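What the coordinates show
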Amino acid sequence: GASVCCVDLTKKRWAQMLGAAFQAGDHAGAWETSLMMAAAPDQVRERERINLPAIDGLMAAMKKGAKTFVEAGGEEAYCGDPTAATVEDGNAYFETLGEIASLTIQEHLGSKRS
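Residues numbered from 1 in each chain as written. Predicted model: local features only at pLDDT ≥ 70, side-chain atom pairs only at ≥ 80, totals over all residues. Heavy atoms only, no water.

A look at helix α6 (residues 87–111)
To be explicit about the condition: By definition, any uninterrupted DSSP run of H or I lasting at least four residues is a helix, any uninterrupted run of E lasting at least two residues is a strand, and each is numbered from the N terminus. For a helix, the expected span equals 1.5 Å multiplied by the number of residues minus one. With a 1.4 Å probe rolled over the protein chains alone, any residue whose accessible area is under 20% of its type maximum counts as buried; one over 50% counts as exposed, and the rest are partly exposed. Any two residues whose heavy atoms approach within 4.5 Å are treated as being in contact.
The terminal C-alpha atoms of α6 lie 36 Å apart, and with 25 residues this matches the ideal 36 Å at 1.5 Å per residue to within 8%. Restricting attention to buried positions, one finds in α6 the residues G90, Y93, T96, I100, T104 and H108. Of the surrounding elements, those touching the buried residues of α6 are α1 (12–18) and α3 (30–39).

As C-alpha cells, this is what we get:
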C-alpha cells in the first residue's frame, strides 16, 4: 500500500522554472555552482572557478553530435559557465526546487485520493 513520488526536473514545466543554465545541461556550470556556493561555499574552489572559460552546455553539444562528456568539451569535468554562478542565484534555485518538490508531492497525493 506504499506510494512513491519522485521529482523529475527534466519535465518541461520544471525545467522552465529552473532557467536557461539548467535547460542548457550545465554540469558544474552556473546552475550547479550557484547551488554549491549557496549550500557549501567552502567546497567551491573560487580561485579556479573565476578563471574557467565558458563551455557549451551538454544539450548544445549533444545536438552537434557529441556522444560522450569528453566529446561535449567536458575534459575539465564541467560544462556551462561557472563564472556566472552567484550565491543569490543558488538561494533562488533552492527556493524553486522546494516549490517544485512541494507541488510534485501535492499532485501525487491528490492523484491518490480518487
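Focus on the nonpolar core
The nonpolar side chains of a soluble globular protein tend to be buried, and buried together. Here is the rule we go by: Put simply, buried Ala, Val, Leu, Ile, Met, Phe, Trp, Tyr and Cys residues joined by side-chain atoms within 4.5 Å make one nonpolar core.
With 10 residues, the main nonpolar core is built from W14, A15, L18, A21, F22, A30, W31, L35, Y93 and I100. For this core, the secondary structure elements donating two or more residues are α1, α2 (20–23), α3 and α6. Apart from residues lying up to four places away in sequence, A21 is in contact with D26, A30 and W31.

Looking at the packing of α3 against α6
Quick reminder of the rule: Here an axis means a line fitted to C-alpha atoms, over the contact stretch when the element is a helix, while the angle between two N-to-C directions is reported on a 0 to 180 degree scale. By definition in this entry, angles of less than 35 degrees are roughly parallel, angles greater than 145 are roughly antiparallel, angles of 65 to 115 are roughly perpendicular, and the rest are oblique. Note that Gly is not counted as nonpolar here; it falls among the polar residues with everything else outside the nonpolar set of Ala, Val, Leu, Ile, Met, Phe, Trp, Tyr, Cys and Pro and the charged set of Asp, Glu, Lys and Arg.
Relative orientation of the contacting elements α3 and α6 amounts to 95°, with a least axis distance of 7 Å. Here α3 is positioned roughly perpendicular relative to α6, judged by the angle of their axes. Residues A30, W31, S34, L35, M37, A38 and A39 of α3 pack against V87, D89, G90, N91, Y93, F94 and L97 of α6. Among the residues forming the contact of α3 with α6, the class breakdown is 10 nonpolar, 3 polar and 1 charged.

Examining the pattern of salt bridges
A pair can form between side chains of opposite charge whenever their charged atoms are brought close. Formally: Here, a salt bridge means any Lys or Arg side-chain nitrogen found within 4 Å of an Asp or Glu carboxyl oxygen.
By the definition in use, this model includes 3 salt bridges. K64 is the partner of D56 in a salt bridge, and the nearest nitrogen-oxygen pair spans 2.9 Å.

All we've got here are geometric facts, nothing functional implied.
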